[in-house]
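Residues per chain are reported as follows:
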Amino acid sequence: MKKTLLSGSTVTGDLTIGNYIGAINNWKKLQDDYNCFYMVADLHGLTVYQDPKAFKERSLSFFAQYIALGLDPDKNTIFLQSHIHEHAELTWILSCLTPMGYLNRMTQFKDKSAKNEKNINAGLYTYPVLMASDILLYQVDLVPVGEDQKQHLELCRDIVSFFQNRYGETFKLPEPYIAKMGARIMSLQDPTKKMSKSDDNPNSFISIIDPPKTIIKKVKSAVTDSGTEVKYDEEKAGISNLLTMYSVLSGKTISEIENDYVGKMYGHLKIDLADLVVETLKPVQEKYADLMKNKDHLHQLMKQGSEKARVVASKTLDTVYDKVGLYPEHF
Ligand code: TYM
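The paragraphs below set out a description of the structure included in this document. Note that this is a predicted model, so its numbers are computed, not measured.

1. Focus: the nonpolar core
(1) Moving on: One finds Ile17, Phe63 and Leu269 to be the most contacted residues of the largest nonpolar core, which totals 60 residues.
(2) Moving on: Ranked by the residues each element gives to this core, the list is headed by helix H12 (residues 266-293), at eleven residues.
(3) Moving on: Beyond its immediate chain neighbours, meaning those up to four positions away, Ile17 contacts Met195, Ile206, Ile208, Met245, Leu249, Val277 and Leu281.
(4) Moving on: Among the nonpolar cores identified, the runner-up in size contains 37 residues, and Met39, Leu90, Phe109 and Phe171 belong to it.

2. Quick notes on the environment of Val143
(1) Moving on: Here Val143 is to be found in strand E4 (residues 142-144).
(2) Moving on: Residues Val143 and Ser7 lie 136 residues apart in sequence; the distance between their C-alpha atoms is 5.7 Å.
(3) Moving on: Beyond its immediate chain neighbours, meaning those up to four positions away, Val143 contacts Leu6, Ile135, Leu153, Pro174, Glu175, Pro176 and Tyr177.

3. Concerning the packing of helix H6 (residues 107-115) against helix H7 (residues 122-136)
(1) Moving on: Two numbers describe how H6 lies on H7: the axes approach to 10 Å, and their chain directions differ by 155°. Taken together, the axis directions place H6 and H7 in an arrangement best described as roughly antiparallel. In the packing of H6 onto H7, the handedness of the crossing is right-handed. Across the interface between the two elements, Phe109, Lys112 and Ser113 of H6 pack against Leu124, Tyr125 and Tyr127 of H7.
(2) Moving on: Broken down by class, the residue content of the contact of H6 with H7 amounts to four nonpolar, one polar and one charged.

4. Considering the side chain of Lys197
(1) Moving on: Residue placement: Lys197 occurs in the loop between strand E5 (175-177) and helix H9 (212-220).
(2) Moving on: Despite its burial, Lys197 pairs with no opposite charge, the nearest such side chain being Asp148 at 8.0 Å.
(3) Moving on: A polar contact is formed between the side chain of Lys197 and the backbone oxygen of Thr10, at a distance of 2.8 Å.
(4) Moving on: In this view, Lys197 contacts Ser9, Thr10, Thr12, Gly13, Asp14, Leu15, Thr16, Asn19, Phe62 and Phe205; residues no more than four positions away in its chain are not counted.

5. Quick word on the packing of H9 against H12
(1) Moving on: At their nearest, the axes of H9 and H12 sit 9 Å apart, and the two run at 150° to each other. In terms of their interaxial angle, H9 and H12 are classed as roughly antiparallel. At the point where H9 passes H12, the crossing takes the right-handed sense. On the side of H9, the interface is formed by Pro212, Ile215, Ile216, Val219 and Lys220, while H12 contributes Lys270, Ile271, Leu273, Ala274, Val277, Val278, Leu281 and Gln285.
(2) Moving on: Of the residues in the contact of H9 with H12, the class split is ten nonpolar, one polar and two charged.

6. Some details on the site of the ligand
(1) Moving on: Residues in close proximity to the ligand total 28 residues, the closest being Thr10, Tyr127, Asp134, Asp148 and Lys197.
(2) Moving on: Between Thr10 and the ligand, the recorded distance is 2.7 Å, taken from a side-chain N or O atom to an oxygen atom.
(3) Moving on: One of the side-chain nitrogen or oxygen atoms of Asp148 is found 2.4 Å away from an oxygen atom of the ligand.
(4) Moving on: With the chains in place, 97% of the 700 Å² that the ligand exposes on its own is no longer accessible.
(5) Moving on: Taken together, the elements giving at least two residues each to the shell around the ligand come down to strand E1 (3-10), helix H1 (17-30), strand E2 (34-41) and H7.

7. Description of the pairing of strand E3 (residues 77-80)
(1) Moving on: The alternating pattern of E3 places Thr77 and Phe79 and Ile78 and Leu80 on opposite faces, both of which are buried.
(2) Moving on: One ladder, built from four bridges, connects E2 with E3; its direction is parallel. Bridge pairing in E3 places Tyr38 opposite Ile78.

What counts, and where the lines are drawn
Residues numbered from 1 in each chain as written. Predicted model: local features only at pLDDT ≥ 70, side-chain atom pairs only at ≥ 80, totals over all residues. Heavy atoms only, no water. Core = buried A, V, L, I, M, F, W, Y, C linked by side-chain atoms within 4.5 Å. Buried < 20%, exposed > 50% of the residue type's maximum accessible area, 1.4 Å probe, protein only. Helix = DSSP H or I, 4+ residues; strand = E, 2+ residues; numbered from the N terminus. Contact = heavy atoms within 4.5 Å. Axes fitted to C-alpha atoms, helices over the stretch in contact; angles between N-to-C directions. Parallel < 35°, antiparallel > 145°, perpendicular 65-115°, else oblique. Left-handed = near helix turned anticlockwise from the far one by under 90°. Nonpolar A, V, L, I, M, F, W, Y, C, P; charged D, E, K, R; others polar. Lys, Arg positive; Asp, Glu negative; His and termini not counted. Salt bridge = Lys/Arg side-chain N within 4 Å of Asp/Glu carboxyl O. Polar contact = N/O pair within 3.5 Å; in protein donor to acceptor, adjacent residues only side chain to side chain. Near = heavy atom within 4 Å. Areas by Shrake-Rupley, 256 points an atom, 1.4 Å probe, with all protein chains shown as cover. Pairing = 2+ DSSP bridges.

Treat this as a map of the structure, not an account of what it does.
So, in structure tokens, the structure goes:
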């Protein structure tokens, strides 16, 4: 029996090269060996203000981008989080077991509320509980994510013990999978900050669907230090970030790349990295454009995903409702 894996991305902005390198590239690699659930986290997207019409289009676009990036909708279960009502329901149960003290420690909540002072809502605060529900509903062994989600996964594991201490063995204890390389791709404009799809400055990230000209412009204008030697150095966050991206996308080690650039300047690496990103994304963008031409087909694939997901999620939720003592409707 294959082990199970789940991961997802929140619907805000457009998927970035950071999401690809830190997460989706690994989802793709794991899809042959695991029974995979890949979710478009649209409910999480509502923690920031969304224009309803644009939000609907973006959810469809994320779904198409997952497939265009190489996730096979027949082999995997790819679905929209909001199509499975069990996610929101389990969140309520788990919220009643999660101490506020644990949520207060979440660094993403602190960062996001500092960025979004006018809309610090309760959903932003309980966001990690919804994430735990996403995972626990599917009895997941592994959760492949970038580094920034590590704390949320630790909380998910804590929630498993809060639940099980009271109600007995119910959920699988999920393990995080965080790759050694590329788990934290930095902003192109401020390499001390994580690259984020919701950054106000679009030059700080490369979107999966950015046109080649835009990609080239963004990479060329990436902020680096005033040095010239192409060498990985934690003190030189900008050039080290570009080297990391180059390494993951080319499959070369950092020292191989450093050797290739002996006697060359930062500018040479930027030009080559821009070309590499454009080349990597070219087939993805072609497939994406193709998929978006046939929305009926996408809707059909979405339905196929949610039908598969619902079977597993409803079974877990039934068990949970029974364990916590909710009175059954059917006997
Ligand atoms: P999200 O949408 O912020 O990011 C999706 C995935 O991409 C990774 N990632 C990065 N990796 C490397 N460098 C970066 N700059 C970078 N930015 C993002 C993230 O770590 C993540 O793996 N809450 C989650 C979505 C979610 C989820 C889940 C994930 C909802 N439910 C259940 C796993 C399991 C989020 O907002 O990811």
